[in-house]
Amino acid sequence: MAADTTKSLDSIGSGTLPDQGIDHESATDIDLGIDLGTTRTVVARADRGNYPIISFTDEHGDEHDFIPSLTALHEGTLVHGFAARRAAHQGAPLLRSLKRVLASPTLTASTPVRLGDKTFSVLEVLTSYLRHLKSELADRGIDITRARVVVAVPAHAYGAQRLLTLEAFQQAGFRIAAMLNEPSAAGFEYTHRKATTVSSRRTRVLVYDLGGGTFDTSLVDVVGTSHEVLASHGLGDLGGDDVDLLMATMALSRAGITEEDLSPTELDDLLDQCRDAKEHLTPQSRRVLIILRGQDVVLPVSDLYTACTPLIERSLATMAPLVGRMDDGSPDLTDIAGVYLVGGASGLPLVPRLLRERFGRRVHRSPYPGASTAIGLAIAADRTSDYDLTDRLSRGFGVFREADGGHRLTFDAILSPESVQASPGGREGTVLTREYDAAHNIGWYRFVECAGVDEGGEPRGEIAPYQDIVFPFEASLRDVDDEELRTYSVERRDHGPRIQEHYRVDEAGLVRVTITDLSDGYSRRYVLGRRTL
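Residues numbered from 1 in each chain as written. Predicted model: local features only at pLDDT ≥ 70, side-chain atom pairs only at ≥ 80, totals over all residues. Heavy atoms only, no water.

### Topic: the overall build of the chain
Item 1. In terms of regular secondary structure, the chain is built from 13 helices and 30 strands.
Item 2. At 24 Å, the chain has a C-alpha radius of gyration in line with the 24 Å of a compact globule built from 533 residues.
Item 3. Oriented by its inertia axes, the alpha-carbon framework of the chain measures out at about 80 × 60 × 50 Å.
Item 4. As displayed, the chain offers around 22,100 Å² of accessible surface, 47% of which is attributable to carbon and sulfur atoms. (Helix = DSSP H or I, 4+ residues; strand = E, 2+ residues; numbered from the N terminus. Rg over C-alpha atoms; globule rule 2.2 N^0.38 Å. Areas by Shrake-Rupley, 256 points an atom, 1.4 Å probe, with all protein chains shown as cover.)

Here it is in structure tokens:
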């Protein structure tokens, strides 16, 4: 599995998105937006300027506008969605929130995911889940082989999450036309519904996207149907799952039961109850009822909100730099047309309450908060729509280089979080080219993503390493296997060849690197630290 996975991951590095070159007008007849959420997967389709949500049927024959993003191990086989939920109720090991595994800065295709007594790679689990989604869509008469699909990732997603998401969709049989950042897609949905709030004086939309497991926020400038993302921030460890866990902890405490006392099935049932109770809260709710081992546990909503307030305040602190602060500490709303609340967890009444305390009546909540991203993606997929998007990276990108004959490392900041991504419509993304005379026999590059770069040019925040790259500056070393080349000493050389580094940000927010020896044209191309040519 590992060898095949590596080959497959590298195969998409040589192009842009997996289906580039396909004549969509003749090969496809369906435009779909798919929001692969932490707790739910939502699919919307374009239909003559409307964007209905596709419904799915559970084991009882009830219709839902989502598939649960769940995987279980049932009789040694992976099952997903409603079938996984049913299997979990029967005692099967259950995997929740796979998307949080994808958000890890150390993610690789082979990152292990354990279910019961079996271990799978994260790519294997995600691909299996998407094959299930493909089957569910086929049951509703949608032929994925004839569908033009646009998908999304969190704005703050590392490159590895972007690449693995694309690869899993491709292996599952989907043709991906574009990948957007989630709050950027929600910006399309805002303009579709509330275009009248945008004026020549107020052109900016602030998207607040609190999902099941992640938080994203973007500042989008809107002129007609043109959208430009000015900046994005996010948190990979904040979402509705955390509210569910807080509620479950409070219920256990009031019942005098510890988490260790519960079986896995009982714990899953408790979390499901907490999620359902959270989603049914209204501004008038005063208490929540949880049934735990046959006893009624009553939680005052005021206590729940007190416990959740630090979580929501954390999201507001993340969003604050996008709107600026005036001298009195209040947000600068001069150019803001609206603050748009999307994501299923934004339905917690505490969220709009705290936001309105800061932003007043400009706060708007999507009528379909859990489906807003999918609708925006369907708008982006719609070939009859004239919406266009200029998006940006949300992380910095740089490289640690060998210096002083390999005795120390220096950091070279290459791309900033404001670097522009390429457009599916053909606009070029940020391109940067550097040339220098090689001073060593081997170039050893340690590419990393980071939250940003400080004034001194050093990376700040959490750093996610790419796979190290070794490049032979000496022609005699080109036939040496990469692994063996890593065992060679880095030595200084006089009069080394002229080297060029070429960086490009593609449509999916991936950074593609080409290193060339200009003396004879020898080059290698990389994406996410994997050699592709």
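### Looking at the sheet that holds strand β20 (residues 388-390)
Sheet strands pair via backbone hydrogen bonds, and the direction of the pair is either parallel or antiparallel.
Item 1. In spatial order, the strands read β19-β18-β13-β14-β15-β20; together these six strands make up an open sheet with mixed pairing. A single partner strand is all that each edge strand has here, and the edge strands are β19 (363-365) and β20. Averaged over all pairs of adjacent strands, the angle between their axes in this sheet comes to 30 degrees, without regard to strand direction.
Item 2. With seven bridges connecting them, strand β13 (residues 204-210) and strand β14 (residues 215-223) associate as antiparallel partners. Bridged to tyrosine 208 within β14 is threonine 217.
Item 3. Strands in contact with helix α7 (residues 182-194) are β13, β14, β15 (226-235), β18 (336-342), β19 and β20; relative to β18, the strand with the most contacts, it is inclined by about 115 degrees. (Pairing = 2+ DSSP bridges. Axes fitted to C-alpha atoms, helices over the stretch in contact; angles between N-to-C directions. Contact = heavy atoms within 4.5 Å.)

### Brief notes about helix α11 (residues 350-359)
Item 1. Listing the buried residues of α11 in full gives Leu350, Val351, Pro352, Leu354, Leu355 and Phe359.
Item 2. Where α11 is buried, its residues touch β13, α10 (301-323), β18 and β19.
Item 3. One or two residues past the end of α11 sits glycine 360, with phi positive at roughly 70 degrees. (Buried < 20%, exposed > 50% of the residue type's maximum accessible area, 1.4 Å probe, protein only.)

### Examining the packing of aromatic side chains
Item 1. Evaluated as defined, the whole model comprises 12 aromatic pairs.
Item 2. Ring geometry for tyrosine 445 and phenylalanine 447: centres 5.8 Å apart, planes at 5 degrees, overall stacked. Judged on exposure class, the residue tyrosine 445 and its partner phenylalanine 447 are both buried.
Item 3. Cluster of aromatic residues (ring-pair linked, three or more members): Phe397, Tyr445, Phe447 and Tyr503.
Item 4. Arginine 40 extends its terminal NZ or CZ atom over the ring of phenylalanine 66, reaching a point 4.0 Å from the ring centre.
Item 5. The cationic tip of arginine 395 hangs over the ring face of tyrosine 158; the distance from NZ or CZ to the ring centre is 3.7 Å. (Phe/Tyr/Trp six-rings, centres within 6.5 Å; stacked < 30°, edge-to-face > 60°. Lys NZ or Arg CZ within 6 Å of the ring centre and 35° of its normal.)

### Examining the packing of helix α8 (residues 240-255) against helix α9 (residues 264-279)
Item 1. Packing of α8 against α9 brings their axes to within 9 Å, and their N-to-C directions diverge by 115 degrees. When the axis of α8 is compared with that of α9, the two are roughly perpendicular. Here α8 runs over α9; the crossing is right-handed. Packed against α8, whose contacting residues are Gly240, Asp241, Val243, Asp244, Leu245, Met247, Ala248, Ala251 and Leu252, the element α9 presents Leu270, Leu271, Cys274, Arg275, Ala277 and Lys278 at the interface.
Item 2. Taken together, the residues of the contact of α8 with α9 break down into 10 nonpolar, one polar and four charged. (Parallel < 35°, antiparallel > 145°, perpendicular 65-115°, else oblique. Left-handed = near helix turned anticlockwise from the far one by under 90°. Nonpolar A, V, L, I, M, F, W, Y, C, P; charged D, E, K, R; others polar.)

### A word on the pairing of strand β27 (residues 498-505)
Item 1. When strand β23 (residues 431-437) meets β27, the two strands line up antiparallel, connected through seven bridges. Of the residues in β27, the one forming a bridge with glutamate 435 is glutamine 500.
Item 2. Across seven bridges, β27 lies against strand β28 (residues 511-517) in antiparallel orientation. Its bridge partner being in β28, glutamine 500 is matched across the sheet by threonine 516.

### As for helix α5 (residues 122-139)
Item 1. The end-to-end C-alpha distance of α5 is 26 Å, a good match for the 26 Å that 18 residues give at a rise of 1.5 Å each.
Item 2. After α5 finishes, the residue glycine 141 shows a positive phi value of roughly 80 degrees. (Expected span 1.5 Å × (residues − 1).)

### A few points about the sheet that holds strand β12 (residues 176-181)
Item 1. The strand order across the open sheet built from five strands is β5-β2-β1-β11-β12, with neighbouring strands paired in mixed fashion. At either end of the open sheet lies a strand with only one pairing partner, and these are β5 (67-68) and β12.
Item 2. Pairing of strand β1 (residues 30-36) with strand β11 (residues 147-153), which is carried by five bridges, proceeds in the parallel orientation. Paired with leucine 32 across the bridge in β11 is valine 149.
Item 3. Lying over the sheet, α7 contacts β1, β11 and β12, oriented at roughly 95 degrees with respect to β12.

### Quick notes on the pattern of salt bridges
Item 1. Per the stated rule, a full pass over the model turns up 31 salt bridges.
Item 2. Two residues, arginine 86 and glutamate 59, come together in a salt bridge whose shortest N-O distance is 4.0 Å. Separated by 27 residues along the polypeptide, arginine 86 in helix α3 (residues 81-89) and glutamate 59 in the loop between β3 (56-57) and β4 (63-64) bring together distant segments of the chain.
Item 3. Its relative accessible area of 31% is what places glutamate 59 among the partly exposed residues.
Item 4. For glutamate 228, the salt bridge is made with arginine 392, and the minimal N-O distance between the two is 3.1 Å. You can see glutamate 228 sitting in strand β15 and its partner arginine 392 sitting in the loop between β20 and β21 (396-403), a full 164 residues away along the chain.
Item 5. Under the relative-accessibility criterion, glutamate 228 is labelled partly exposed at 29%.
Item 6. Here arginine 392 falls in the buried class, since its relative accessible area comes to 15%.
Item 7. What you see here is one network of salt bridges that share partners, running through Asp241, Asp244, Arg275 and Lys278. (Salt bridge = Lys/Arg side-chain N within 4 Å of Asp/Glu carboxyl O.)

### Notes on the packing of α7 against helix α12 (residues 372-381)
Item 1. Between α7 and α12, the least distance of the axes is 7 Å, while the angle of their chain directions is 80 degrees. Relative to α12, the element α7 is oriented roughly perpendicular. Counting all contacts with α7, which are made through Glu182, Ala185, Ala186, Phe188, Glu189, His192 and Arg193, the residues of α12 involved are Ser372, Thr373, Ile375, Gly376, Leu377, Ile379 and Ala380.

### Remarks on a nonpolar patch on the surface
Item 1. Together, Leu289, Ile291 and Val298 make up a nonpolar patch on the protein surface, roughly 260 Å² of accessible area in all.
Item 2. By secondary structure assignment, the location of isoleucine 291 is in strand β16 (residues 287-292). (Patch = residues over 30% accessible without salt bridge, like charges linked within 9 Å, V, L, I, M, F, W, Y side chains within 5 Å.)

### Focus: the nonpolar core
Item 1. Membership of the largest hydrophobic core comes to 77 residues, with the highest contact counts inside it found for Leu32, Leu130, Leu133, Leu137 and Phe174.
Item 2. Ranked by residue count, the leading element in this core is α5, at eight residues. (Core = buried A, V, L, I, M, F, W, Y, C linked by side-chain atoms within 4.5 Å.)

### Topic: the side chain of aspartate 412
Item 1. Within the secondary structure, aspartate 412 is located in strand β22 (residues 408-415).
Item 2. Setting aside residues no more than four positions away along its own chain, aspartate 412 makes contact with Gly398, Val399, Arg401 and Arg434.

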